[in-house]
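One letter stands for each residue in the lines below.
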Amino acid sequence: VQQISGMLMELFQRARLEKPGQVDPRATEFTLSLLAAMFDRSGKGYIKTRSAAAALIALSGDTLLAKYRAFFQFYAVPGGKAALITRGALRSLLTDLNQIPAIVGESCTLSCVEMATHSCFHGVPNSAIVEEKFLSWLRSEPAVLLWLPTCYRLSATEMVSHQARCR
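Worth saying up front: this structure is predicted, and the values here are computed from it rather than measured.

Novice: Where do I start with the nonpolar core in this structure?
Specialist: In terms of nonpolar packing, the biggest core is built from 42 residues, with L35, F71, L90 and F134 touching the most fellow members. Elements with a minimum of two residues in this core: α1 (2-18), α2 (27-39), α3 (49-59), α4 (64-75), α5 (87-97), α7 (110-120), α8 (131-139) and α9 (147-157). Per element, the largest residue contribution to this core is six residues, and it comes from α4. Once you skip the residues sitting within four places of it in the chain, L90 turns out to touch I85, T117, C120, F121, F134 and W137.

Novice: Is there a simple way to think about the sheet that holds strand β3 (residues 128-129) in this case?
Specialist: Strand pairing in a sheet takes place through backbone hydrogen bonds and is either antiparallel or parallel in direction. Strand order in the open sheet formed by three strands is β1-β2-β3, and the pairing between neighbours is antiparallel. Single-partner strands in this sheet number two, and they are β1 (77-79) and β3. Strand direction decides the pairing type here: β1 and strand β2 (residues 82-86), joined by three bridges, are antiparallel. Looking at the pairing, G79 lines up with A82 of β2.

Novice: What should I look at first to understand the packing of α1 against α2 in this one?
Specialist: Describing two packed helices takes the angle between their axes plus the distance from one axis to the other. Contact pair α1 / α2: the axes reach a minimum separation of 9 Å and the direction vectors enclose 140 degrees. Relative to α2, the element α1 is oriented oblique. Crossing hand, α1 versus α2: right-handed. Seen from α1, the contacting residues are I4, S5, L8, M9 and F12; seen from α2, they are A27, T28, T31, L32 and L35.

Novice: What is the right way to look at the pattern of salt bridges in this model?
Specialist: Here the idea is simple: oppositely charged side chains can pair when their charged atoms come close. Within this structure, the stated rule accounts for five salt bridges. Among the ionic pairs, E114 bridges to R91, the shortest N-O distance being 2.7 Å. On the criterion of sequence distance, the pair formed by E114 in helix α7 and R91 in helix α5 is long-range, its members being 23 residues apart. In this structure, the salt-bridge partner of R153 is E141, at a minimum N-O distance of 2.3 Å. One end of the pair, R153, is in helix α9; the other, E141, is in the loop between α8 and α9, with 12 residues separating them in the sequence. The partly exposed category is assigned to R153, whose relative accessible area is 41%. By relative accessible area, E141 is classed as partly exposed at 27%.

About the thresholds
Residues numbered from 1 in each chain as written. Predicted model: local features only at pLDDT ≥ 70, side-chain atom pairs only at ≥ 80, totals over all residues. Heavy atoms only, no water. Core = buried A, V, L, I, M, F, W, Y, C linked by side-chain atoms within 4.5 Å. Buried < 20%, exposed > 50% of the residue type's maximum accessible area, 1.4 Å probe, protein only. Helix = DSSP H or I, 4+ residues; strand = E, 2+ residues; numbered from the N terminus. Contact = heavy atoms within 4.5 Å. Pairing = 2+ DSSP bridges. Axes fitted to C-alpha atoms, helices over the stretch in contact; angles between N-to-C directions. Parallel < 35°, antiparallel > 145°, perpendicular 65-115°, else oblique. Left-handed = near helix turned anticlockwise from the far one by under 90°. Salt bridge = Lys/Arg side-chain N within 4 Å of Asp/Glu carboxyl O.

This is the structure:
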């Protein structure tokens, strides 16, 4: 938790410099509290850095494709010429990401994660997939992660304005 706290302080300090007045002074405290609620329910003071990174990526304001690529980079393993996502790594990613809706009572069972992993690897003879297959599967909006593109779309429309007037 100490290491993640330091990284968050640095992250939000940079954000304050880039966007003065737009970052709450307690952003580090609030974010660390959220991460602890998601990944340290026993209160042992330990949060996996990769799990925290996945949550921060998911909650970031970046595009879906940028998020998906970042997930791949964090969970992939070296595989010769290209990095690969294994079934186990995909299970870990999906389990980590599903801590986000779980914090508001919208949890998914382990069978959801298993079904999603099976669907991603459907027709794949190998135990790992390349980035393009991973991205293609995520673009199909698997049910286990449907909240992610939905939240992205809601966020993207917050600042949209138009000239039409409603009666």
